[in-house]
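Residue-level structure breakdown
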Amino acid sequence: MSHSSTLKMQIEGMNCASCVGRIEKALNSASGVSNVSVNLASESVQVNYDETLTPKDVADTLQQAGYPAVSESITFDVANMSCASCVGRVEKALKAGDGVLEASVNLATESATVRYAAGAITPAAIAELSTAAGYPATLEKAEPTETADRKADEIRHLKNKVLLSAALALPVFLIEMGSHFIPGVHTLVANTIGMQNSFYLQFVLTTIVLFGPGLQFYTKGFPSLFKGAPDMNSLVALGTTAAYVFSLVSTFAPHILPAGTVNVYYEAAAVIVVLILLGRFLEARAKGRTGEAIQTLIGMQAKTARVQRNGTTVEVPIEEIVVGDEIQVRPGEKIAVDGTVISGSSFVDESMITGEPIPVEKASGDEVVGATINGTGALSIRAGKVGNDTVLSQIIQMVEQAQGAKLPIQGLVDKITAWFVPAVITIALITMAVWFLFGPDPALSLALVAGVAVLIIACPCAMGLATPTSIMVGTGRAAELGVLFRKGDALQMLQETKVVALDKTGTLTAGHPELTDIILRDGMEESHVLKLIAAVEQNSEHPIAKAIVKAAQERGLDLPTPESFDSLTGFGVSASVDGHEVLVGADRLMEREGITLGKLFGEGSALATHGKTPLYAAVDGQIAAVIAVADPIKPTTPAAIKALHALGLKVAMITGDNQKTADAIAAELGIDTVVAEVLPDGKVRALEDLRKGASGKLAFVGDGINDAPALAAADVGIAIGTGTDVAIEAADVVLMAGDLNGVVNAFHISQQTMRNIRQNLFWAFGYNTLLIPVAAGVLYPFGGPLLSPVLAAGAMALSSVFVLTNALRLRWIKATAAH
């Protein structure tokens, strides 16, 4: 069986949806690639490939397609090397890292230089590859520019381009457009510098704009066009070149043009470049904000920790912490890594991981999670998981994978954009021909204006950004609310779900029995009776016995040791405690011993109808109390069930309980469908039965090991994060908090995100559908306008900014249920 690897890379040169299609086509044609997902919003690609390929092969394929992977180089000091075979081993270990493109090891300088794909692997992870092979590596030079810094540089560079091109284009725009719209400007220009000189001035300024800040459109657009794969840059290059060349002829060889058609369109070429650069600048800024959730998560990590080394406490970067280290955490500090408390006690704020606002008490033996915040106590922690194994690192990886996912709805966009740009060029050529052959004078000028307007207005940026930006912002916000989409397509599947099936134990309920009721015979004292019962049960390992003892301890009762104890198999137990003869068991035990239950029998029957287990206690031959033990419903469950109904969902419960008990719980919670008496291995079959009656997708919520098959079998598996690793691995969505509020939030976020995607797609397709004909001039014969190329460029830039701004609204999705 072949081993599959996943690689995520940042890519340069992506501008529109057609770029996405070309990258996917290039990578899918490579032997060994099984799946490709390209994200225009994050300018990244996620590739699944087998062992026949290396990350360098993937990077080479991208380079040949004209979209190079962003790479970084870093140098390490490497210890313990002694010969050429050591060099080979280190290089082999380094090259095995996902995202490592090249590795060169120098024995003389005892160093290694590694080139790797930005976003695919971290310098710390690369160093760990060498260290794990037996050759400890430490950073020799400062870490390279992070993605956020690189985006900041890109935004700054674009801003400078916009300012320079705008300063150069403004005089051109004022001279040419002022002559059309402001009386007297034409006369002023003619009487001062002269019209011909004004053409020369516009020529100089426009040439600088086009071949300075705007050069990228031509160096990328024309090669793509000549390869038969035109993109957005090709449309801009064609449109501005047409306007520029016509203006050149009008300036330097007007005699070759038909009479009445001499005109210059320098302002169109220059301002189009300015507006599209402005659009890209605004896009880059908005794109930076779509990934803020990841940056926020990364920023949660502690940077250093106080670690015990050689008998002293030293402060070290968290990258240097190893499993087994003893870490000292002072009050108010962030906990550096996942681990176990070995001494001290404190309350820890885990809200950034679970979404729960109430701090959790931690003492010796308790597990703690990295990036959570210690309260007022001091803790000593034994490091258990470090680096990429910590909970926070796993969360970041899940969010990144979900953000890079391609939803089924994206398939429609891909099909359209595959032919969109060639179709636009064809429409522009037809538009020019129709205007030239059938248009009024000056036909050539009007043909040029209409053709350029069609080319510029139809750039499919908004189409390409519509889906990925919403996914990035929606999944990022979900992570902040404690909902992790492990698989991106779950975002769409949840929105299509009609039935949500809930495992009872640990999902609807706490997952462990508790003493819920104690009803006394008249004249009995609760603390006295409970002390006697708990004293009898304290040596039993049965969960019900443990629940009774725990309740007594929580009340501060001091439990005596029984003088005698006898287990009555199938009936209960008897014991002598503090001089009293105590019996605890089912009603049949009392009946056997001839003890009259009186009105407590009715109380016990009522408790049983509510899904609780009643036990009777007798003291010195007389009934004393009936107590009830049950797996209690979580406090948040009833409101969460109501919220799921409000979202239009049917709710089903799957449980191993008998039908009577299950029906009682379902009636109490308002659950629509009950599937009871299900054996652990029968949950998948129960889901299949539920699916037959469902009109949409089916989701299943569970938390235990025996839930893993059902989580995998459902259309969407939702694991409660307080459950087992096995359940979480089988799920599509993971909830960090241990209650159903997370399920409600998951559905709410899915619905809001999918609505946002549809809004974006409606705008993107509607914009092009409506404005391409307007740009082509279909309204002109009916007295309507002929759209200026400048206005077309402005509309195109605004459409992309609109899509991004709309997606960013998802950052303010509110949790639908308070934890």
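Along every chain, residues carry numbers that run from 1 in the direction the sequence is written. Under the rules for a predicted model, residues below a pLDDT of 70 receive no local features and side-chain atom pairs below 80 are neither given nor counted, while totals for whole chains, interfaces and linings still include all residues. Excluding hydrogens and water, the side-chain values take into account all heavy atoms of the structure.

**Here's the deal with the packing of helix H3 (residues 84-95) against helix H4 (residues 123-132)**
Inter-axis angles, ranging from 0 to 180 degrees, are taken between N-to-C directions of lines fitted to C-alpha atoms, where helices are fitted over the stretch in contact. Only DSSP runs of H or I covering at least 4 residues are called helices, and only runs of E covering at least 2 are called strands; the numbering of each starts at the N terminus. Running from N to C, H3 and H4 point in directions that differ by 140°, and their axes come no closer than 8 Å. Between H3 and H4, the crossing angle belongs to the class labelled oblique. For the pair H3 and H4, the crossing hand works out as right-handed. Contacts from Val90, Ala93 and Leu94 in H3 reach Ile126, Leu129 and Ser130 in H4. Of the residues assigned to the contact of H3 with H4, the class counts are 5 nonpolar, 1 polar and no charged. Any angle that falls under 35 degrees is termed roughly parallel, while one over 145 is termed roughly antiparallel, one within 65 to 115 roughly perpendicular, and all others oblique. If you view the pair so one helix is near and one far, a crossing is left-handed when the near helix is turned anticlockwise from the far one by less than a right angle, and right-handed when it is turned clockwise. Residues are treated as being in contact if the distance between any of their heavy atoms lies within 4.5 Å. For this classification, Asp, Glu, Lys and Arg are treated as charged, while Ala, Val, Leu, Ile, Met, Phe, Trp, Tyr, Cys and Pro are nonpolar and the rest, including Gly, are polar.

**A few points about the environment of glutamine 401**
On the secondary structure map, glutamine 401 appears in helix H13 (residues 391-403). Between the C-alpha atom of glutamine 401 and that of threonine 475, which follows or precedes it by 74 residues, the distance is 9.9 Å. Setting aside residues no more than four positions away along its own chain, glutamine 401 makes contact with Gln46 and Arg486.

**Let's talk about the sheet that holds strand S27 (residues 697-702)**
DSSP bridges decide pairing: two strands pair if at least two such bridges lie between them. Strand order across the open sheet formed by 7 strands is S17-S29-S28-S27-S18-S25-S26, with mixed pairing between neighbours. The outermost strands of the open sheet, each flanked by one partner alone, are strand S17 (483-485) and strand S26 (673-675). Averaged over neighbouring strand pairs, the angle between their axes works out to 20° when direction is ignored. Across 3 bridges, the pairing between strand S28 (residues 716-720) and strand S29 (residues 733-735) is parallel. Bridge pairing links isoleucine 718 to valine 733 in S29. Along the sheet, H13 makes contact with S17 and S29, crossing S17 at roughly 55°.

**Focus: the packing of aromatic side chains**
Pairing of aromatic side chains requires ring centres within 6.5 Å, counting the rings of Phe and Tyr and the six-membered ring of Trp. Pairs whose planes differ by under 30 degrees are stacked, by over 60 edge-to-face, and all others tilted. Counted according to the given criterion, the structure contains 12 aromatic pairs. A centroid spacing of 5.2 Å and a plane angle of 85° characterise the contact between phenylalanine 203 and phenylalanine 252, whose relative ring orientation is edge-to-face. Highlighted residues: phenylalanine 203 in helix H7 (residues 195-211) and phenylalanine 252 in helix H9 (residues 232-252), separated in sequence by 49 residues. Only protein chains enter the accessibility calculation, which uses a 1.4 Å probe; a residue whose area is less than 20% of its type maximum is buried, one above 50% is exposed, and one in between is partly exposed. For phenylalanine 252, a relative accessible area of 47% corresponds to the partly exposed category.

**A look at the confidence of the model for the protein chain**
On a range of 0 to 100, pLDDT expresses the predictor's confidence in each residue. Averaged over the protein chain, the pLDDT score is 84; the fraction of residues at 70 or greater is 92%. Predicted confidence is poor over residues 141-145, with pLDDT under 50, and the contacts of this stretch with residues over four places away or in other chains come to 11 contacts.

**What to know about the UniProt feature "domain: HMA" (unreviewed entry) in the protein chain**
Taking the UniProt record as the reference, the feature "domain: HMA" (unreviewed entry) is found at residues 5-70 and 72-138. Summarising residues 5-70: 35% helix, 30% strand, and an end-to-end C-alpha distance of 19 Å. As annotated, residues 72-138 comprises 33% helix and 34% strand, and the C-alpha atoms at either end are separated by 17 Å. UniProt positions are given in the numbering used here, feature names are shortened, and annotations may be inferred rather than shown by experiment.

**Quick notes on unusual backbone geometry**
The omega torsion across aspartate 441 and proline 442 is -10°, close enough to zero to call that bond cis. Relative to the assigned elements, proline 442 resides in the loop between helix H14 (410-438) and helix H15 (443-457). Its identity is not glycine, yet aspartate 620 carries a phi of approximately 55°, on the positive side. Inspection of the secondary structure puts aspartate 620 in the loop between strand S23 (613-619) and strand S24 (622-630).

**Considering the nonpolar core**
The criterion is simple. A nonpolar core is a set of buried Ala, Val, Leu, Ile, Met, Phe, Trp, Tyr and Cys residues joined through side-chain atoms within 4.5 Å. Counting 147 residues, the largest nonpolar core has Met9, Phe485, Ile718 and Val733 as the members making the most contacts within it. For this core, the element with the highest residue contribution is helix H28 (residues 741-776), accounting for 14 residues. Listed in part, the 28 residues of the second largest apolar core include Leu515, Ala535, Val573 and Val619.

**Section: the pairing of S27**
By the criterion of burial, S27 is predominantly enclosed, with 5 of the 6 residues buried. Pairing of S27 with S28 involves 4 bridges; the strand directions are parallel. Opposite alanine 699, over in S28, you have valine 716 as the bridge partner.

**Examining a negative patch on the surface**
Put simply, a patch holds well-exposed residues, over 30% relative accessible area, that have no salt bridge, with like charges counted together within 9 Å and Val, Leu, Ile, Met, Phe, Trp or Tyr side chains within 5 Å. Here the Shrake-Rupley method, with its probe set to 1.4 Å, supplies the accessible areas, and only the displayed protein chains count as covering residues. What makes a salt bridge here is a side-chain nitrogen of Lys or Arg within 4 Å of a carboxyl oxygen of Asp or Glu, nothing more. Asp and Glu are treated as the negative residues and Lys and Arg as the positive ones, with His and the ends of the chain left uncounted. One atom stands in for each charge, and that atom is NZ of Lys, CZ of Arg, CG of Asp or CD of Glu. A cluster of acidic residues, Glu563, Asp578, Glu581 and Asp620, forms a negative patch on the protein surface. Looking at where glutamate 581 falls in the secondary structure, it is placed in strand S22 (residues 580-585).

**Observations concerning the pattern of salt bridges**
By the definition in use, this model includes 15 salt bridges. Of the charged contacts, one joins arginine 115 and glutamate 102 as a salt bridge, the two residues approaching to 3.4 Å between their closest N and O atoms. Here the residue arginine 115 occupies a position in strand S6 (residues 111-117), and glutamate 102 occupies one in strand S5 (residues 100-106), the gap between them amounting to 13 residues. Its relative accessible area of 26% is what places arginine 115 among the partly exposed residues. Classification of glutamate 102 by relative accessible area gives partly exposed; the value is 36%.

**Some remarks on the sheet that holds strand S12 (residues 346-349)**
Taken in spatial order, the 3 strands make up an open sheet running S13-S12-S15, and their pairing is antiparallel. Looking at the sheet topology across the chains shown, the edges are occupied by strand S13 (360-362) and strand S15 (373-374). Relative to S15, S12 runs antiparallel, the two sharing 2 bridges. What sits directly across from valine 348, in S15, is asparagine 374.

**Looking at the side chain of threonine 206**
Tracing the backbone through its elements, the reader meets threonine 206 in helix H7. Owing to a relative accessible area of 0%, threonine 206 belongs among the buried residues under this scheme. There is a polar contact of 2.7 Å between the side chain of threonine 206 and the backbone oxygen of glutamine 202. Apart from residues no more than four positions distant in its own chain, threonine 206 is found in contact with Val172, Tyr244, Tyr266, Ala269 and Ala270. Under this definition, polar contacts are N or O atom pairs within 3.5 Å; protein pairs additionally need one hydrogen-donor-capable and one acceptor-capable atom, and for neighbouring residues in sequence, both atoms have to be side-chain atoms.

**Topic: the UniProt feature "transmembrane region" (unreviewed entry) in the protein chain**
Per the UniProt annotation, the sites labelled "transmembrane region" (unreviewed entry) are residues 162-179, 199-215, 235-257, 263-282, 416-438, 444-467, 761-780 and 786-804. Counting secondary structure, residues 263-282 comes out at 85% helix and 0% strand; the distance between its end C-alpha atoms is 33 Å. Measuring from the first to the last C-alpha atom of residues 761-780 gives 28 Å, for a span that is 80% helix and 0% strand.

**Examining the environment of serine 224**
With respect to the helices, strands and loops of the structure, serine 224 is situated in helix H8 (residues 215-226). Using a relative accessible area of 13% as the deciding quantity, one classes serine 224 as buried. Distance from serine 224 to leucine 277, taken between C-alpha atoms, is 19 Å for residues 53 residues apart in sequence. Excluding anything up to four places from it in sequence, serine 224 contacts Ala229, Pro230, Asp231 and Ser234.

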